[in-house]
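# Structural features, examined
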Amino acid sequence: LYNYGEAVSIVFFTDTWRPESFYDKIAQNRRNGLHTLCLLDIKVREPTLESLARGRREYEPARYMSVSVAVSQLLDVEHRRQENVYSE
């Protein structure tokens, strides 16, 4: 029915952390004619940076990555790399 390649996790980008390994795995699956299962990031009970510095437990509000955010990040990597694997 469906042939799946390696599954990937797509995490929320931050100002200082923008991992791109998911892009390579999706591109390789595409080249091999395989589907990719993408696991989208969730942030639940993540401590705030301020609370970590103070030693108190305060948490960020829960966030769940939407498909549009995941695609936006994928296209962001594409624009940086200019590999022409994906298009808008």
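To start, this report covers the structure provided alongside it. (Residues numbered from 1 in each chain as written. Predicted model: local features only at pLDDT ≥ 70, side-chain atom pairs only at ≥ 80, totals over all residues. Heavy atoms only, no water.)

Let's shift gears to the overall build of the protein chain. When helices and strands are counted, the protein chain shows 3 helices and 4 strands. Ordering the α and β elements of the protein chain from the N terminus gives β-α-β-β-α-β-α. In terms of overall dimensions, the protein chain has a C-alpha envelope of 50 × 30 × 20 Å along the principal axes. Across the 88 residues in the protein chain, those meeting the buried criterion constitute 24%. Within the protein chain, residue pairs in contact and separated by at least 24 positions form 59% of the contacts whose partners lie at least 6 positions apart. Of the roughly 6500 Å² that the protein chain leaves accessible, carbon and sulfur atoms contribute 51%. (Helix = DSSP H or I, 4+ residues; strand = E, 2+ residues; numbered from the N terminus. Buried < 20%, exposed > 50% of the residue type's maximum accessible area, 1.4 Å probe, protein only. Contact = heavy atoms within 4.5 Å. Areas by Shrake-Rupley, 256 points an atom, 1.4 Å probe, with all protein chains shown as cover.)

A few words on the layout of surface pockets. One number sums up the size of the largest pocket: a volume of about 320 Å³. Tallied by class, the residues present in the lining of the largest pocket amount to 5 nonpolar, 2 polar and 4 charged. (1 Å grid on protein atoms, 1.4 Å probe; cavity = no way out; pocket = protein on both sides within 12 Å on 5 of 7 lines; lining within 4 Å. Points joined across faces, edges and corners; volume = space filled by probe spheres on them. Nonpolar A, V, L, I, M, F, W, Y, C, P; charged D, E, K, R; others polar.)

Right, let's get into the packing of aromatic side chains. Applying the stated criterion across every chain, the model contains 2 aromatic pairs. Ring geometry for Y2 and Y4: centres 6.3 Å apart, planes at 55°, overall tilted. On the numbers, 6.4 Å between centres and 45° between planes, the contact of F13 with F22 is tilted. Of the two residues, F13 and F22, neither departs from the other in class, the shared state being buried. In this structure, R45 is placed above the aromatic ring of Y59, and the distance from its NZ or CZ to the ring centre is 4.3 Å. The cationic tip of R63 hangs over the ring face of F12; the distance from NZ or CZ to the ring centre is 4.1 Å. (Phe/Tyr/Trp six-rings, centres within 6.5 Å; stacked < 30°, edge-to-face > 60°. Lys NZ or Arg CZ within 6 Å of the ring centre and 35° of its normal.)

As a further point, take the nonpolar core. Membership of the largest hydrophobic core comes to 14 residues, with the highest contact counts inside it found for I10, F22, Y23, I26, L74 and Y86. Where this core is concerned, the elements lending two or more residues are β1 (8-10), α1 (21-31) and α3 (67-81). Discounting chain neighbours no more than four positions away, the residues touching I10 are F22, C38, L39, L40, D41, M65, A70 and Q73. (Core = buried A, V, L, I, M, F, W, Y, C linked by side-chain atoms within 4.5 Å.)

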